[in-house]
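A look at the structure
Below are the chains, spelled out letter by letter.
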Amino acid sequence: MQRSASVDPTKMGVGKAIAVLTSGGDAQGMNAAVRATVRVGIYTGAKVYFVHEGYQGLVDGGDNIRQATWESVSMMLQLGGTVIGSARCQDFRSKEGRAKAACNLVKLGITNLCVIGGDGSLTGANEFRNEWSDNHYQSEAKRSSHLNIVGMVGSIDNDFCGTDMTIGTDSALHRIMEVVDAITTTAQSHQRAFILEVMGRHCGYLALITALACGADWVFIPEMPPDEGWEDHLCRRLTYQRSIGNRLNVIIVAEGALDRHGKPITCDIIKNLVTKKLGFDTRATILGHVQRGGTPSAFDRILGSRMGVEAVMALLEATPDTPACVVSLSGNMAVRLPLMECVQVTKEVTKAMAEGRFEEAVKLRGKSFENNWNTYKLLAHVTAPDVKSNINIAIMNVGAPCAGMNAAVRSAVRIGILQGHSMLAVHDGFDGLAHGTIEPMTWGYVGGWTGKGGSNLGTKRSLPARMIEEISLNIAKFNIHALVIIGGFEAFVGGLELWNYREKYEELCIPLVVIPATVSNNIPGSDFSIGADTALNTITTTCDRIKQSAAGTKRRVFIIETMGGYCGYLATMAGLAAGADAAYIYEEQFGIHDLETNVEHLLEKMKTTVKRGLILRNEKCNANYTTDFIFNLYSEEGKGVFDCRKNVLGHMQQGGTPTPFDRNFGTKMGAKAVLWLTEKLKECYRHGRIFANTPDSACVLGMKKRAMIFQPLSDLKEDTDSEHRIPKTQWWLKLRPILKILAKYKISLDTSETATMEHVIKKRGTV
């Protein structure tokens, strides 16, 4: 499927027509997918049509199938639901209905269909394609001999096998966490137990992530019913939590939760049990359709946009022999999978659950679901071992504070206690290690930390080299056997410095792990850092509000400065999520000619019905082209056509409560780091003491493509631009052309690295 780069992507769609529809339940982020499909379709020279009201519109035809323009998808990104409408359609289930739909498409010369929906909608699309070549479809056009279909999965349940995340799931988690945070404050005031029912009739993903992200006492999911006698176990757990001083209990229930005999477990059953057996003041909340509503998160907008681009490419490259495919996400890569293979595995999960093969059901859901379940199980069992390990692990935060640090500390502390270790808090980074501001942490010490922003341990930017003597003395004094450093670029450099001083100071020969946590997302060895997702959402929501302020008659361009040091991650991703016209970053050098092109582009744009412009500038993208300079240039050149406003977002990007992604990511990173240290300590135990001097005993724990991996700090030096504090290779730079195409720049999209068709059956079989 590799194509030579010589194919002109702006001519790929000439003479072709693409229709896009949204079907089944709505999901936040569908509009981003529709917008990208329309704009990339037009960019390739194709005609693009909206199908309103899902398959019903396809069957009814007429005014329901309308040609889309570039401007008709403007201001759609930040809207929840689907602007082109969705409907459950009985007519399309019959062969006659599908024949009508085919006839309506053939009349308009449409042979490419992009369907955004759940597994039911996508299965229907495949059936439609298989019947396409039947004679009675063919009365009008010989050239319509086959239909190409590409699916994108839009479903808040994340219940489709083959993709890590479906469009809408992240936004649904945002809604749920807002409610959970609000409920926990009221519940703590009154010492209450709260039972929360979230959506997920056949899939426990939302319930599981919610439980991880809020540190729930118990979660009920359809894939893994509780063991016999769960009622007593639940009551014991709740009583224990109260006995150690917790004022609040949270129980999360997926709407499809069942017991081992297939009987539903409902909020009412749990409420009656807890009230009668324990006498707790108990409240139940069923979230319902709140989870589907509201504005899409930054992640869902970017996911929808990337999928839309990939879907158009897949349609235009398809041949009559290409199977209908679904565009999905694997780690941070867009991949194409055969539609029916994904549907088959999804059905296998339901079958495994029905037949009581629950372990298998969890495995079939995929690696990421399984990892989440295992992390939850580890943290849920609160009985500490009787035998202590006599190991002391110290935890510290280094660099600037960011949302999600506390979640990582909490899980690291609790996993450590469950391993029998003593966990030590180092306050104020390396300064605290040098000055001895170190104290033990208990299970209860970190209670309620997952939802708190900033750094409860306190954090400083100081590096260890200038106080290495004091640090080594305190490591010996407090008998520290291993170190967890959670933080930004200073944490990375500080870890390297400790490693370099091992030759001189024997006390520093202890295993250490660096967990990346910074809004800038600039740590070598990891595609993502804790805190970056929260910052990205803050910037995106602020951009939405700023753009809205110009809605109506004003012609206005906003210039917004984002954080990130020299790293352009926040500016680029926020540009994709907020629909920016340009994002200036250090990694992609720009000069006066580029600025001129951008101004001319905006002058053209103001002649259309879209009268707003949004320009993002990373704070250190250029020493001379400052935010003020760009503001003055745009103001001068736009005189009489548009006026300008500038905003420097500043430290609001670092604050706030962590997003579900950052809570969950921090929780998994903290747990994985301590389990790794436990193994390393066994390896490094010599003659009654710990001695670690190999490169692989000082690592960064990072997320690379699909997996969390440990990489020696010393190996990562090669990939580091130390002067500018960024990695030399950054995966997200490949998304820059998408940003420009969606803003209507005539650039060439590099299509040589197109996603190839993979197989989900074989891949899942190895799980």
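If you're wondering where the values come from, they're calculated on a predicted model, not measured in any experiment.

Looking now at the overall build of the protein chain. A count of helical and extended segments in the protein chain gives 24 helices and 27 strands. For the protein chain, the C-alpha radius of gyration of 27 Å lies close to 27 Å, the compact-globule estimate for 767 residues. Its C-alpha atoms give the protein chain principal-axis dimensions of about 85 × 70 × 45 Å. In the protein chain, buried positions account for 62% of the 767 residues. Per element, the accessible surface of the protein chain, about 29,000 Å² overall, is 51% carbon and sulfur. In the protein chain, which carries 85 positive and 79 negative side-chain charges, the distance between the mean positions of the two groups comes to 3 Å.

Another aspect to go through is the packing of helix α12 (residues 367–380) against helix α21 (residues 660–683). Taken N-terminus to C-terminus, the directions of α12 and α21 make an angle of 70 degrees; their axes are 11 Å apart at the nearest point. By the angle between their axes, α12 is roughly perpendicular relative to α21. Where α12 abuts α21, its residues Asn372, Thr375, Leu378 and Leu379 lie against Asn664, Thr667, Lys668, Ala671 and Leu675. In terms of residue class, the contact of α12 with α21 is made up of four nonpolar, four polar and one charged.

Bringing the UniProt feature "active site" (unreviewed entry) in the protein chain into the picture now. Taking the numbering used here, the UniProt-annotated feature "active site" (unreviewed entry) corresponds to Asp157. The residue Asp157 is located in the loop between β5 (148–153) and α5 (169–190) in this model. Aside from chain neighbours lying at most four places away, what touches Asp157 is Thr169, Met199, Gly200, Cys203, Tyr205 and Leu206.

On to the environment of Thr282. Following the sequence through the fold, Thr282 ends up in strand β9 (residues 281–286). With a relative accessible area of 5%, Thr282 lands in the buried category. Along the sequence, Thr282 and Glu197 sit 85 residues apart, while their C-alpha atoms lie 14 Å from each other. In contact with Thr282, other than residues within four places in its own chain, are Ala193, Ile195, Lys271, Val274 and Thr275.

To continue, consider the domain arrangement of the protein chain. Parsing the protein chain into structural domains produces domain 1 (17–166 + 296–350), domain 2 (169–291), domain 3 (392–530 + 658–720) and domain 4 (533–654). Measuring from the centre of the C-alpha atoms in domain 1 to the corresponding centre in domain 3 gives 45 Å. Contacts between the two partners involve five residues from domain 1, matched on the other side by four residues from domain 3. Regarding the contact of domain 1 and domain 3, the summed buried area is about 400 Å², with carbon and sulfur atoms giving 52% of it. For the pair domain 1 and domain 3, the interface holds zero salt bridges. Joining domain 1 to domain 3, the criterion identifies one residue pair in polar contact (both at pLDDT 80 or more). Here the residues of the side of domain 1 that touches domain 3 sort into one nonpolar, three polar and one charged.

What follows concerns the pattern of salt bridges. Scanning the entire structure with this criterion turns up 34 salt bridges. The shortest N-O distance in the salt bridge between Arg663 and Asp181 comes to 2.7 Å. Of this pair, Arg663 sits in helix α21 while Asp181 sits in helix α5; the two residues are 482 residues apart in sequence, bridging distant segments of the chain. With a shortest N-O distance of 3.7 Å, Lys680 and Asp696 are connected by a salt bridge. On the criterion of sequence distance, the pair formed by Lys680 in helix α21 and Asp696 in the loop between β23 (689–690) and β24 (698–704) is long-range, its members being 16 residues apart. Given a relative accessible area of 8%, Lys680 falls into the buried group. Asp696 sits in the partly exposed class, given a relative accessible area of 35%. Residues joined in a network through salt bridges with shared partners are Arg98, Glu127 and Glu131.

What follows concerns the nonpolar core. Formed by 171 residues in total, the largest nonpolar core has its most connected members in Phe220, Ile251, Ile252 and Ile395. It is helix α9 (residues 298–317) that contributes the most residues to this core, 11 residues altogether. In terms of nonpolar packing, the next biggest core, distinct from the first, is built from 33 residues, Tyr55, Ala101, Leu337 and Cys342 among them.

Counted according to the given criterion, the structure contains four cavities of 30 Å³ or more. In this structure, the largest cavity encloses a volume near 120 Å³. Surrounding the largest cavity, 14 residues form its lining, Asn158, Thr163, Asp164, Arg365 and Phe369 being those nearest its centre. Split into classes, the residues belonging to the lining of the largest cavity amount to four nonpolar, four polar and six charged.

Taking 1.5 Å per residue, 14 residues should reach 20 Å; α12 reaches 20 Å between its end C-alpha atoms and fits that length. What α12 keeps buried is the set Phe369, Glu370, Asn372, Trp373, Thr375, Tyr376, Leu379 and Ala380. Residues of α12 that are buried sit in contact with α6 (205–214), β7 (218–220), α7 (230–243), α11 (358–364), α13 (405–418) and α21.

Along the chain, the position of Lys728 falls in the loop between β27 (726–727) and α23 (736–742). Expressed as a C-alpha distance, the spacing of Lys728 and Glu718, which sit 10 residues apart in the sequence, is 8.5 Å. Engagement of the side chain of Lys728 in a polar contact is seen with the backbone oxygen of Glu718, the distance being 3.0 Å.

So, about the sheet that holds strand β11 (residues 333–338). The strands making up a sheet associate through backbone hydrogen bonding, with each pair oriented either parallel or antiparallel. On the basis of which strands lie adjacent, the open sheet formed by seven strands has the order β3-β2-β1-β4-β5-β10-β11 and mixed pairing. The open sheet terminates on both sides in strands that have one partner only, identified here as β3 (65–67) and β11. Ignoring which end each strand starts from, the neighbouring axes of this sheet average 25 degrees apart. Where strand β1 (residues 17–22) lies against strand β2 (residues 47–51), five bridges are found, and the strand directions are parallel. Residue Ile18 lies in a different strand from β2, and its bridge partner there is Val48. Here helix α10 (residues 339–354) sits on the sheet in contact with β10 (325–330) and β11, set at roughly 85 degrees to β11.

In this section: the side chain of Ser23. Structurally, Ser23 can be placed in the loop between β1 and α1 (30–43). Here the side chain of Ser23 touches Ser121 through a polar contact of 2.9 Å, side chain to side chain. Once residues lying within four places of it in the same chain are set aside, the contact partners of Ser23 are Met30, Tyr55, Ser86, Ala87, Ile116, Gly117, Gly118 and Ser121.

What counts and what doesn't
Residues numbered from 1 in each chain as written. Predicted model: local features only at pLDDT ≥ 70, side-chain atom pairs only at ≥ 80, totals over all residues. Heavy atoms only, no water. Helix = DSSP H or I, 4+ residues; strand = E, 2+ residues; numbered from the N terminus. Rg over C-alpha atoms; globule rule 2.2 N^0.38 Å. Buried < 20%, exposed > 50% of the residue type's maximum accessible area, 1.4 Å probe, protein only. Areas by Shrake-Rupley, 256 points an atom, 1.4 Å probe, with all protein chains shown as cover. Lys, Arg positive; Asp, Glu negative; His and termini not counted. Charge placed at Lys NZ, Arg CZ, Asp CG, Glu CD. Axes fitted to C-alpha atoms, helices over the stretch in contact; angles between N-to-C directions. Parallel < 35°, antiparallel > 145°, perpendicular 65-115°, else oblique. Contact = heavy atoms within 4.5 Å. Nonpolar A, V, L, I, M, F, W, Y, C, P; charged D, E, K, R; others polar. UniProt positions renumbered as here; feature names shortened; annotations may be inferred. Domains from an automatic or database assignment. Buried area = accessible area lost by both parts, 1.4 Å probe. Salt bridge = Lys/Arg side-chain N within 4 Å of Asp/Glu carboxyl O. Polar contact = N/O pair within 3.5 Å; in protein donor to acceptor, adjacent residues only side chain to side chain. Core = buried A, V, L, I, M, F, W, Y, C linked by side-chain atoms within 4.5 Å. 1 Å grid on protein atoms, 1.4 Å probe; cavity = no way out; pocket = protein on both sides within 12 Å on 5 of 7 lines; lining within 4 Å. Points joined across faces, edges and corners; volume = space filled by probe spheres on them. Expected span 1.5 Å × (residues − 1). Pairing = 2+ DSSP bridges.

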